[in-house]
There are 2 protein chains.
Amino acid sequence: MTTERTNRLGVPGVAGPGEDERAAGASSGLDRWLAATVARRLGSAPIGISLWDGSAFGSDDRDAVRIRLADRGALWGLALNPEMNFGDFYSAGRLMVDGDLVRLIDLAYGSLARPGRRWNLASLIAHLASRAPSLSRAKRNIHHHYDIGNDFYALWLDREGLQYTCAYYPSAEATLEQAQVAKMDHVCRKLCLKADERVVETGCGWGGFAIFMAKRYGTRVRAFNISKEQIAYATEWAAREGVDDKVEFVLDDYRNATGRCDVFVSIGMLEHAGRRNYPTLGRLIDRCLEPNGRGLIHSIGRDRKARLNPWIARRIFPGSYPPTLREMMDIFEPNGLSVLDVENLRPHYARTLRHWLERFEQNAARVREMYDASFERAWRLYLSGSVAAFDHGTLQLFQVLFARSGKNPLPETRAHQYSRTGY
Amino acid sequence: MTTERTNRLGVPGVAGPGEDERAAGASSGLDRWLAATVARRLGSAPIGISLWDGSAFGSDDRDAVRIRLADRGALWGLALNPEMNFGDFYSAGRLMVDGDLVRLIDLAYGSLARPGRRWNLASLIAHLASRAPSLSRAKRNIHHHYDIGNDFYALWLDREGLQYTCAYYPSAEATLEQAQVAKMDHVCRKLCLKADERVVETGCGWGGFAIFMAKRYGTRVRAFNISKEQIAYATEWAAREGVDDKVEFVLDDYRNATGRCDVFVSIGMLEHAGRRNYPTLGRLIDRCLEPNGRGLIHSIGRDRKARLNPWIARRIFPGSYPPTLREMMDIFEPNGLSVLDVENLRPHYARTLRHWLERFEQNAARVREMYDASFERAWRLYLSGSVAAFDHGTLQLFQVLFARSGKNPLPETRAHQYSRTGY
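No experiment lies behind these values; they were computed from the predicted model shown. (Residues numbered from 1 in each chain as written. Chains lettered and ligands numbered in written order. Predicted model: local features only at pLDDT ≥ 70, side-chain atom pairs only at ≥ 80, totals over all residues. Heavy atoms only, no water.)

1. A closer look at the overall build of chain A
Phase 1 of the analysis: The helix and strand tally for chain A stands at 18 helices and 11 strands.
Phase 2 of the analysis: Scored against the burial criterion, the 423 residues of chain A give a buried share of 62%.
Phase 3 of the analysis: Contacts spanning at least 24 positions in sequence make up 73% of the contacts within chain A whose residues lie at least 6 apart.
Phase 4 of the analysis: Of the roughly 16,500 Å² that chain A leaves accessible, carbon and sulfur atoms contribute 51%. (Helix = DSSP H or I, 4+ residues; strand = E, 2+ residues; numbered from the N terminus. Buried < 20%, exposed > 50% of the residue type's maximum accessible area, 1.4 Å probe, protein only. Contact = heavy atoms within 4.5 Å. Areas by Shrake-Rupley, 256 points an atom, 1.4 Å probe, with all protein chains shown as cover.)

Take a look at the structure:
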């Protein structure tokens, strides 16, 4: 066995070529029985499985996607806890995929979605409960994901707004850059943003949207984020764009936000906030928002309550939880807020992720060079799995527009959201 | 005391001129103390109260709205259970309002909304719980409201679609007729209705929307309603319009609906369905809807859970319950349905109700002639109270568009809803 080390994501990596070393000996009868069992669990999906000695199971269709297992540990690990180990072994290069990774995950979703068909009990037990992260835990969680390095994200995010959230495609032909600008504009149109209005933004990423609002709409923005690297980047960027008098980036938890605002906006933060913090977020909005204020929350969500895939939860997004609309109501209902408009942008996130994946692949060598091969594979799996999750409807993307109960701060129809001349 | 009779709504009516007969004698010290107490509960709202002997309490502003009480029973009844008795005494002509009724109710809402300020305990106890009506109860409830007589509704509803639900005003200048046609078209655009598609409509009223879909979009509609009078009207109307080959009106409870459909639509029925029937409704949709089907539910709702005003619940809409969005999720979540779009049309319902109230007033003499003065007053109060409830945000109007989880039967943006050229 080779000695393993873990990479920045905590994914077990490989020390060297590895694969061949582990693949000692022929498969046993027991190995082959297990492989056949795993293959049977996939039903009629065109997925094949082959072992380190070349023995093959499952579909032998010409266009089947093939999972190659490099050693006995990978086979047994996959059988016992596929949801966790598929990702770890793929990242480690002990599980390889011949064919399209997105398609494989899509096929697996289809296979698992059928009632009564579950990989196994262990995959259900490996449940990572959603807990409201404490302030220090929230910081650790965000650090895990976002402080990997601004350079890494710059390789595959859009060049316009550095948006690490769902874009909005006015047409299927839009580029990633166009779609991210359209997303920012779509949000501003929904909110009917006006010059000199005060905006509070929680979870501002690299600051692209705050800067966009200041430049395009002339608003004043206080933007919160607990990622040091992102705040540093954002502050410098705002200065470069000449809007540092309009935008203030605050390195602090959103729960510590103070002051009044006309508009509250949060794009892609709620998924990381933890479900038990929703009432707190609602009270914060109630505390900050002027009587005629309005707000928008943009978040990954669910059609029905479910746990996040444990591998994503452990390796990629610790502490994250995509809520149902029902769960999101904990923000609005107790705090005198009225939901005005909900838009589900699910297909747009699948498109966005395909664009990210494409650019990621174009820069794969660079990623490997900056980190290592296991990091590169982990990230490929995460992006591919996310494409499949949004395609398949496992995940949704909700934009929820709201105002105080009984107030009319916005036009009575949504036509202005789609008018060329604006509102 | 005059002998009282009750009118069709169960509202105690008056046998003759009545008012003067009851107003015997001067008010006592106790009467005046009680009137002053009731007035104090209204806080600083410009509302005055005067008794049968002319003694006055509360605001004496020139533009105050004045409540005149005709007898001692009305005063004590109002003090003990205002939410129920205000309506009954107003209908009976024992409580009169000098000034604008909508404004009075609006002021009372404002006064009651302040924390710690409640009319009294009795008004809270008079809670009519929302129960899932049984099939026979549902029929009685609907009969109570809708079988009053088609002629009555024809006096003040729009002449185009006979729509007894919230209209959609593309602009503030739209007439009621234009706004009801726009509403029907807005729903069809959201659903991207196509010729020859099969639609199931539950709660079809007088059939206006079913006929609209058949005529304008060429769809085939099966429309359910448990009101005999409405179904008879609808069937005849469809024949007159020459679409009786396209539209089938079924006198049956929606829960008995069978067959498959491309589109499921329900406008203004959910409020009458009873909360405990939502899972049943969801299963019905799941049973009927084709894999690439889509649906829309249009319903009065709430920002937060509350009981309906007990007078409305008893006299006007027995068994009705306006749900929160959270409660509506009982329809979608357990049945593999994905919410695509929610629009809150609250201000549109306030406009619609103002239009109805205006026409109702124009036809008040005719209503009195057809029924009696107490019926006329009860209906005026109901329409006025509803204007105030939607203005004030006590009630909402949600249109919820949905499809099966993970399916994409509709365009990825909502631009087609607002395009002149359609979809």
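2. Quick word on the sheet that holds strand β1 (residues 47-50) of chain A
Residue and element names in this part refer to chain A.
Phase 1 of the analysis: Pairing is mixed across the open sheet formed by 4 strands, whose spatial order is β2-β1-β3-β4. Across the chains shown, the open sheet's two edge strands, defined by having one partner strand only, are β2 (56-58) and β4 (95-98). Direction aside, neighbouring strands of the sheet carry axes that sit 25 degrees apart on average.
Phase 2 of the analysis: Note: strand β3 (residues 65-69) against β4, 4 bridges, orientation antiparallel. If you follow Ile67 over to β4, its bridge partner there is Val97.
Phase 3 of the analysis: Contacts from helix α4 (residues 82-92) reach β3 and β4 within the one sheet, and its direction differs from that of β4 by about 85 degrees. (Pairing = 2+ DSSP bridges. Axes fitted to C-alpha atoms, helices over the stretch in contact; angles between N-to-C directions.)

3. With respect to the packing of helix α16 (residues 346-362) of chain A against helix α18 (residues 373-392) of chain A
Residue and element names in this part refer to chain A.
Phase 1 of the analysis: One can describe the packing of α16 onto α18 by two numbers: an axis separation of 8 Å at closest approach and a directional angle of 155 degrees. Considered as vectors, α16 and α18 are oriented roughly antiparallel to each other. Like other packed secondary-structure pairs, α16 and α18 cross with a definite hand, here left-handed. For the pair formed by α16 and α18, the contact residues are Arg346, Tyr349, Ala350, Leu353, Arg354, Trp356, Leu357, Phe360 and Glu361 on the first element and Glu376, Trp379, Arg380, Leu383, Ser384, Ser386, Val387, Phe390 and Asp391 on the second. (Parallel < 35°, antiparallel > 145°, perpendicular 65-115°, else oblique. Left-handed = near helix turned anticlockwise from the far one by under 90°.)

4. Overview of the pairing of strand β10 (residues 337-344) of chain A
Phase 1 of the analysis: Most of β10(A) sits inside the fold, with 8 of its 8 residues counted as buried.
Phase 2 of the analysis: Relative to strand β11 (residues 396-404) of chain A, β10(A) is paired through 7 bridges, and the arrangement is antiparallel. Paired with A:Ser338 across the bridge in β11(A) is A:Ala403.
Phase 3 of the analysis: In the sheet, β10(A) pairs with strand β10 (residues 337-344) of chain B via 3 bridges, with the strands oriented antiparallel.

5. Looking at α16(A)
Phase 1 of the analysis: Taking 1.5 Å as the rise per residue, α16(A) with 17 residues should run 24 Å; its terminal C-alpha atoms sit 25 Å apart, in good agreement.
Phase 2 of the analysis: Taken residue by residue, α16(A) has A:Arg346, A:Pro347, A:His348, A:Tyr349, A:Ala350, A:Thr352, A:Leu353, A:Trp356, A:Leu357, A:Arg359 and A:Phe360 as its buried positions. (Expected span 1.5 Å × (residues − 1).)

6. What to know about the pairing of strand β7 (residues 247-251) of chain A
Residue and element names in this part refer to chain A.
Phase 1 of the analysis: Where strand β6 (residues 220-225) and β7 come together, 5 bridges link them in parallel fashion. Across the sheet, residue Arg222 finds its bridge partner in β7, namely Glu248.
Phase 2 of the analysis: Of the crossover connections in this fold, the one passing from β6 over helix α11 (residues 228-240) to the parallel β7 is right-handed. (Right-handed = clockwise from strand over helix to strand, strands pointing away.)

7. Remarks on the sheet that holds strand β1 (residues 47-50) of chain B
All names here are of chain B.
Phase 1 of the analysis: Across the sheet, which stays open at both edges, the 4 strands sit in the order β2-β1-β3-β4 with mixed pairing between neighbours. Of all strands in the sheet, those with a lone pairing partner are β2 (56-58) and β4 (95-98), marking the two edges. Averaged over neighbouring strand pairs, the angle between their axes works out to 25 degrees when direction is ignored.
Phase 2 of the analysis: Its contacts with the sheet put helix α4 (residues 82-92) on β3 (65-69) and β4, and the angle it makes with β4 is roughly 85 degrees.

8. Regarding the interface of chain A and chain B
Phase 1 of the analysis: Listed by partner, the interface residues are 40 residues for chain A and 40 residues for chain B.
Phase 2 of the analysis: Both sides together, the interface formed by chain A and chain B hides about 3,300 Å², and carbon and sulfur atoms give 39% of it.
Phase 3 of the analysis: Across the salt bridge formed by A:Asp341 and B:Arg414, the nearest N and O atoms sit 2.8 Å from each other.
Phase 4 of the analysis: Summed over the shared surface of chain A and chain B, the result is 29 residue pairs in polar contact (both at pLDDT 80 or more).
Phase 5 of the analysis: At the level of elements, α15 (325-332), β10, α16, α18 and β11 of chain A are the ones that each hand at least two residues to the side of chain A that touches chain B.
Phase 6 of the analysis: When the residues that make up the side of chain A that touches chain B are grouped by side-chain class, the tally is 14 nonpolar, 12 polar and 14 charged. (Buried area = accessible area lost by both parts, 1.4 Å probe. Salt bridge = Lys/Arg side-chain N within 4 Å of Asp/Glu carboxyl O. Polar contact = N/O pair within 3.5 Å; in protein donor to acceptor, adjacent residues only side chain to side chain. Nonpolar A, V, L, I, M, F, W, Y, C, P; charged D, E, K, R; others polar.)

9. Regarding the nonpolar core
Phase 1 of the analysis: Residues A:Trp156, A:Trp379, B:Trp156 and B:Trp379 are the most contacted members of the largest nonpolar core, which totals 213 residues.
Phase 2 of the analysis: Counting residues in hydrophobic clusters, the runner-up holds 58 residues, among them A:Val200, A:Val342, B:Phe224 and B:Met269. (Core = buried A, V, L, I, M, F, W, Y, C linked by side-chain atoms within 4.5 Å.)

10. As for the relation of the copies chain A and chain B
Phase 1 of the analysis: Take chain A, turn it by 180 degrees, move it 0.1 Å along the axis, and it overlays chain B with an RMSD of 0.1 Å. This pairing of chains is accounted for by a two-fold axis.
Phase 2 of the analysis: When you check the interface residues of chain A against chain B, 100% turn up at the interface there too, and the contact is symmetric in its surfaces. (Least-squares fit on C-alpha atoms with pLDDT ≥ 70 in both.)

11. Structural notes on the pattern of salt bridges
Phase 1 of the analysis: Counted under the stated rule, the structure contains 62 salt bridges over all chains.
Phase 2 of the analysis: For A:Arg222, the salt bridge identified is with A:Glu248, shortest N-O distance 3.1 Å. Placement of A:Arg222 in strand β6 and of A:Glu248 in strand β7 is noted, with a sequence separation of 26 residues between them.
Phase 3 of the analysis: Classification of A:Arg222 by relative accessible area gives partly exposed; the value is 26%.
Phase 4 of the analysis: Taking relative accessible area as the criterion, A:Glu248 reaches 40% and is therefore assigned partly exposed.
Phase 5 of the analysis: With a shortest N-O distance of 3.6 Å, B:Glu343 and A:Arg414 are connected by a salt bridge. Here B:Glu343, found in strand β10, pairs with A:Arg414, found in the segment after β11, and the two come from separate chains.
Phase 6 of the analysis: Each of A:Lys190, A:Asp341, A:Glu343, A:Arg414, B:Lys190, B:Asp341, B:Glu343 and B:Arg414 takes part in a single network of salt bridges with overlapping partners.

12. Points about unusual backbone geometry
Residue and element names in this part refer to chain B.
Phase 1 of the analysis: Positive phi, close to 45 degrees, is recorded for Leu162, a residue that is not glycine.
Phase 2 of the analysis: For Leu162, the position within the fold is in the loop between α8 (150-154) and α9 (176-191).
Phase 3 of the analysis: Phi at Cys192 is positive, roughly 50 degrees, even though this residue is not glycine.
Phase 4 of the analysis: With respect to the secondary-structure elements, Cys192 resides in the loop between α9 and β5 (198-202).

13. Points about the side chain of A:Gln396
Phase 1 of the analysis: Its place among the elements puts A:Gln396 in strand β11.
Phase 2 of the analysis: Within the structure, A:Gln396 has its side chain in polar contact with the side chain of A:Asn344 (distance 2.8 Å).
Phase 3 of the analysis: Engagement of the side chain of A:Gln396 in a polar contact is seen with the side chain of B:Ser338, the distance being 3.1 Å.
Phase 4 of the analysis: Discounting residues that sit within four places of it in the chain, A:Gln396 has contacts with A:Ser299, A:Ile300, A:Gly301, A:Arg302, A:Asp303, A:Asn344, A:Arg346, A:Phe390 and B:Ser338.

14. Considering the confidence of the model for chain A
Residues and elements named next belong to chain A.
Phase 1 of the analysis: Across chain A, the average pLDDT comes to 86, with 85% of residues at 70 or higher.
Phase 2 of the analysis: Confidence drops under pLDDT 50 across residues 1-5; counting only partners more than four residues distant or on other chains, this segment forms 14 contacts.
Phase 3 of the analysis: Contacts from residues 114-133, a stretch scored under 50 in pLDDT, to residues over four places away or in other chains number 49 contacts.
Phase 4 of the analysis: Here the complex is predicted with pTM 0.88, and the ipTM for its interfaces comes to 0.88. (pLDDT = per-residue confidence, 0-100.)

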